[in-house]
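If you want the building blocks of each chain, they are given just below.
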Amino acid sequence: MTAYTGDVTTGGPTALRVLDEVEIRKVSVGPMDNDAYLVTCRRGGSQLLVDAAADPDRLLELVREGNETARLDVVVTTHRHRDHLAALTSVVAATGAQVAAGAPDADAITELTGTSVTRRLHDGDLVVVGHLTLQAVALRGHTPGSVALVYREPEHVTCPGAVAGRAHVFTGDSLFPGGVGRTTTPDDFTSLYDDVTARLFDRFDDATWVYPGHGRDTTLGAERPHLAQWRDRGW
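Residues numbered from 1 in each chain as written. Predicted model: local features only at pLDDT ≥ 70, side-chain atom pairs only at ≥ 80, totals over all residues. Heavy atoms only, no water.

Colleague: Provide a residue-level description of the nonpolar core, including the pertinent values.
Modeller: Among the nonpolar cores identified, the biggest contains 27 residues, and Leu-48, Leu-134, Leu-149 and Phe-170 are the most heavily contacted of them. Aside from chain neighbours lying at most four places away, what touches Leu-149 is Leu-48, Val-50, Val-76, Val-127, Leu-134, Gln-135, Ala-136, His-168, Val-169 and Phe-170. Counting 24 residues, the second-largest nonpolar core is a separate cluster that includes Ala-36, Ala-54, Ala-87 and Ala-97. (Core = buried A, V, L, I, M, F, W, Y, C linked by side-chain atoms within 4.5 Å. Buried < 20%, exposed > 50% of the residue type's maximum accessible area, 1.4 Å probe, protein only. Contact = heavy atoms within 4.5 Å.)

Rendered as structure tokens:
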């Protein structure tokens, strides 16, 4: 199996990471090269999709790659921007999946898509998918209700490339290689920077893998030396 790098291109193949409890699949979809992630429980086949961003046919193909019955338990929308939810209605209609999103963004997502958010997430909430548990982390600033999801590997691992206890964070547009996400006011920047610092960098170690809403993956270790530069830059 090819080692996972997280490098994907729109129209290209799925990047697959296999760990002890979970399979993580990444694709790029749509004109803005949005990343979408499928998280599959290896024990029971339950599945979670992070951001039904665009190209519902490709996303449904992705779902079938993880489970040939096209089972999808929940779609987590990281925030309310249109490029992260354009395929939400179609994917939910085809699969019957539940929809979860940060509580402050939920009404806007429902209004934009016509699809109801069935679970409103708050900081620290747990999202259970089969035998997997992920935790919601509120990262306020890019939008008021932006959320990340955190999965931790178990303490005993055997798969090649696995790291005991390592965190995997799906950050939407709140954290990228090279900085936090776009904000439109100084207050929003301060809010996002403070949340990313306190709720991600202060909490998780350098091995933590970051899966952003666009572009390549990174780790907290790669980004940590630049935190002061980001603060001084102010965007």
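Colleague: Can you break down helix α3 (residues 103-113) residue by residue, with the values?
Modeller: Among the residues making up α3, those that are buried are Ala-103, Asp-105, Ala-106, Ile-109 and Thr-113. For α3, the angular spread of buried residues about the axis comes to 125 degrees, placing them on one side. In α3, the exposed positions that point more than 90 degrees away from the buried face belong to Asp-107 and Glu-111. Of the surrounding elements, those touching the buried residues of α3 are β5 (74-77), α2 (88-95), β6 (98-102) and β7 (119-121). (Helix = DSSP H or I, 4+ residues; strand = E, 2+ residues; numbered from the N terminus. Arc of directions from axis to C-beta.)

Colleague: Quick one: what's the story with the packing of aromatic side chains, residue by residue and with numbers?
Modeller: Counted under the stated rule, the structure contains eight aromatic pairs. Centroid distance Tyr-37 to Phe-170: 5.4 Å. Interplanar angle 65 degrees. Geometry classified as edge-to-face. Within this pair, whereas Tyr-37 is found in strand β3 (residues 34-41), its partner Phe-170 is found in strand β11 (residues 167-172), the two being separated by 133 residues in sequence. One aromatic cluster is present, built from ring pairs that chain together Tyr-4, Tyr-37, Phe-170, Trp-209 and Tyr-211. Here the basic side chain of Arg-17 rests over the ring of Trp-209, its NZ or CZ set 4.1 Å away from the ring centre. (Phe/Tyr/Trp six-rings, centres within 6.5 Å; stacked < 30°, edge-to-face > 60°. Lys NZ or Arg CZ within 6 Å of the ring centre and 35° of its normal.)

Limitation: the analysis is restricted to geometry and does not speak to function.
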